[in-house]
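# Geometric and topological summary
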Amino acid sequence: MTDAALPLIDVSALVAGTGGRDAVAAQIGAACRAHGFFYVTGHGVDPALVKRLEELSHRFFELPEETKMRWRMALGGRAWRGYFPLGGELTSGRPDWKEGLYLGTELPATHPLVQAKTPVHGPNLFPEVPGFRETILDYMAAVTQLGHRLMEGIALSLGLEAGYFAKRYTADPLILFRLFNYPSQPVPEGLDVQWGVGEHTDYGLLTILHQDHIGGLAVHTPGGWIDAPPVAGSFVCNIGDMLDRMTGGLYKSTPHRVKRNTSGHDRLSFPLFFDPNFEARVQRIEGLAGAEARDDSAERWDRANVHAFSGRYGDYLLAKVSKVFPQLRDEVL
Ligand SMILES: O=C(O)CCC(=O)C(=O)O
Ligand SMILES: [Fe+2]
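For clarity, every value in this text was computed on a predicted model and none was experimentally measured. (Residues numbered from 1 in each chain as written. Chains lettered and ligands numbered in written order. Predicted model: local features only at pLDDT ≥ 70, side-chain atom pairs only at ≥ 80, totals over all residues. Heavy atoms only, no water.)

## Here's the deal with the overall build of the protein
When helices and strands are tallied, the protein shows 10 helices and 14 strands. Taken against the 2.2 N^0.38 rule, which gives 20 Å for 333 residues, the C-alpha radius of gyration of the protein at 19 Å falls within 12% of a compact globule. Considering only C-alpha atoms, the protein reaches an extent of 55 × 50 × 40 Å along its principal axes. Sorting the 333 residues of the protein into buried and exposed places 55% on the buried side. A fraction of 77% describes how many contacts in the protein between residues 6 or more apart in sequence connect residues 24 or more apart. (Helix = DSSP H or I, 4+ residues; strand = E, 2+ residues; numbered from the N terminus. Rg over C-alpha atoms; globule rule 2.2 N^0.38 Å. Buried < 20%, exposed > 50% of the residue type's maximum accessible area, 1.4 Å probe, protein only. Contact = heavy atoms within 4.5 Å.)

## Some remarks on the nonpolar core
Counting residues in hydrophobic clusters, the biggest one holds 94 residues, and the most contacted among them are Ile 28, Leu 150, Ile 154, Phe 165, Phe 177, Leu 179 and Leu 206. If you tally residues by element for this core, the top one is helix α6 (residues 132-157), at 10 residues. (Core = buried A, V, L, I, M, F, W, Y, C linked by side-chain atoms within 4.5 Å.)

## Quick look at the UniProt feature "domain: Fe2OG dioxygenase" (unreviewed entry) in the protein
The sites that UniProt annotates as "domain: Fe2OG dioxygenase" (unreviewed entry) are residues 170-276. Helix makes up 7% of residues 170-276 and strand 45%, with an end-to-end C-alpha separation of 5 Å. (UniProt positions renumbered as here; feature names shortened; annotations may be inferred.)

## Observations concerning the sheet that holds strand β3 (residues 82-84)
A sheet is described by the order of its strands in space; here 8 strands give the open sequence β1-β2-β12-β9-β14-β7-β6-β3, paired in mixed fashion. Each of the sheet's edge strands pairs with one partner strand only, and the pair in question is β1 (8-10) and β3. The sheet shows a mean angle of 25° between the axes of neighbouring strands, taken without regard to direction. The pairing of strand β9 (residues 206-211) with strand β12 (residues 235-239) spans 4 bridges and is antiparallel. Looking across to β12, one finds that Leu 206 is bridged to Ile 239. (Pairing = 2+ DSSP bridges. Axes fitted to C-alpha atoms, helices over the stretch in contact; angles between N-to-C directions.)

## A word on helix α3 (residues 47-61)
Compared with an ideal rise of 1.5 Å per residue, which puts 15 residues at 21 Å, α3 spans 21 Å between its outermost C-alpha atoms and is within 8% of the ideal. Taken as a whole, α3 has its buried residues at Leu 49, Val 50, Leu 53, Glu 54, Leu 56, Ser 57, Phe 60 and Phe 61. You can read the cap of α3 off the contacts: a side-chain oxygen lies 2.9 Å from the backbone nitrogen of Ala 48, and it is on Asp 46. (Expected span 1.5 Å × (residues − 1). Polar contact = N/O pair within 3.5 Å; in protein donor to acceptor, adjacent residues only side chain to side chain.)

## Describing the packing of aromatic side chains
A complete count under the given rule lists 11 aromatic pairs for this structure. Ring geometry for Phe 60 and Tyr 83: centres 5.8 Å apart, planes at 85°, overall edge-to-face. With Phe 60 in helix α3 and Tyr 83 in strand β3, this pair connects stretches of sequence that are 23 residues apart. The exposure class assigned to Phe 60 is buried, which follows from its relative accessible area of 0%. Since its relative accessible area comes to 1%, Tyr 83 is described here as buried. (Phe/Tyr/Trp six-rings, centres within 6.5 Å; stacked < 30°, edge-to-face > 60°.)

## Observations concerning the site of ligand 1
Around ligand 1 sit Phe 180, Tyr 182, His 200, Asp 202, Leu 209, Leu 217, His 256, Val 258, Arg 267, Ser 269, Pro 271 and Phe 273, and those are all the residues in its vicinity. One of the side-chain nitrogen or oxygen atoms of Tyr 182 is found 2.6 Å away from an oxygen atom of ligand 1. Here an oxygen atom of ligand 1 and a side-chain polar atom of Asp 202 are 3.0 Å apart. For ligand 1, whose accessible area on its own is 300 Å², the fraction buried by protein is 94%. Going through the elements one at a time, β7 (174-182), β13 (256-259) and β14 (267-275) are the ones with two or more residues in the shell around ligand 1. With 4 residues, the single largest contributor to the shell around ligand 1 is β14. Here the shell around ligand 1 is built from residues that sort into 7 nonpolar, 3 polar and 2 charged. (Near = heavy atom within 4 Å. Areas by Shrake-Rupley, 256 points an atom, 1.4 Å probe, with all protein chains shown as cover. Nonpolar A, V, L, I, M, F, W, Y, C, P; charged D, E, K, R; others polar.)

## Description of the confidence of the model for the protein
With 96% of its residues at a pLDDT of at least 70, the protein reaches an overall mean of 92. In the predicted assembly, ipTM is 0.99 and pTM is 0.96. (pLDDT = per-residue confidence, 0-100.)

## Points about the side chain of Asp 296
Its location among the elements puts Asp 296 in the loop between β14 and α9 (313-324). The exposure class of Asp 296 is buried, given its relative accessible area of 5%. A polar contact of 3.2 Å, which involves the side chain of Asp 296, links it to the side chain of Lys 252. Setting aside residues up to four positions removed in sequence, Asp 296 forms contacts with Lys 252 and Ala 304.

## Here we look at the sheet that holds strand β10 (residues 217-221)
If you walk across this open sheet you meet the 4 strands as β8-β13-β10-β11, and the pairing is antiparallel. In this open sheet, the two edge strands, each paired with only one partner strand, are β8 (195-200) and β11 (224-227). Looking at each pair of strands side by side, their axes are set apart by 25° on average, direction ignored. With 3 bridges joining them, β10 and β13 adopt antiparallel strand pairing. The residue bridging Leu 217 from the neighbouring strand is Val 258, located in β13.

## Some remarks on α6
The terminal C-alpha atoms of α6 lie 37 Å apart, and with 26 residues this matches the ideal 38 Å at 1.5 Å per residue to within 8%. Just downstream of α6, Gly 159 is the residue with a positive phi angle, here 75°.

Right under this line is the structure:
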């Protein structure tokens, strides 16, 4: 572990669309080239909304397991929504010591994509905790807006027009959202659990994460592992495999993991994945200086070469997700 810290960027000019946007973009570009991870402040998301989400999530995760299983993922079908219990998700082939609620853009059963049985699209399974549904929907809407602004900054940082990604990939982004609880509870003897979340990269374009005050997230930079401790009022942002693919490796999707929580208090985290539309075909951005698209599969956690991928983003996502939820793959895909 090194003492280096991840950059903290005030994105208010980018959010407001005022002068100074290019200076913010330059800072984002430097962070993406160096770490693939950065904090943002001045993001405009209401702190009261974030606090409400934390409180209601605690209320949900404190429910008995059998109650939470009323909203289990198996009932979400192809929409891939709902609750999974402790140890229910495998990252890097091993169970994670976390439980979670999987969510995404709310689409009614009558929506054409849901009618066409498109995986990961559909209605959410909202637990019956008063105010939870509205809070989750408001939060997803606010952070999705932030995602659009940050992608404009990323486009500018690459010397592209601000609307580059919106035009090609994210006019209707695929939004997946998760509520995670990392309980402090010890791992029973004989269970092969090492991490809260094992080392991995994220799959899409940009992840925007709120974490509570407990900590545990760490980032694997070229210089070694760096902690990404909680910074009040900020979001942690990191780029995913598709931006790595599009930029020919200029912007790396940096591996990260979460330590097993031994703090004595539950840890909550809320990643929102701002990703290309399911149907979008991911293409390399032409003419980026320094983009080598080097095959780094030997060093990657999944031994994959992201630059060799071509096709719909949805296919990339499904191949990944079916590895982390093997039982569900057999049931619904
Ligand atoms: O909980 C965290 O801090 C990170 C979670 C994460 O990396 C993910 O869900 O992809
Ligand atoms: Fe992640």
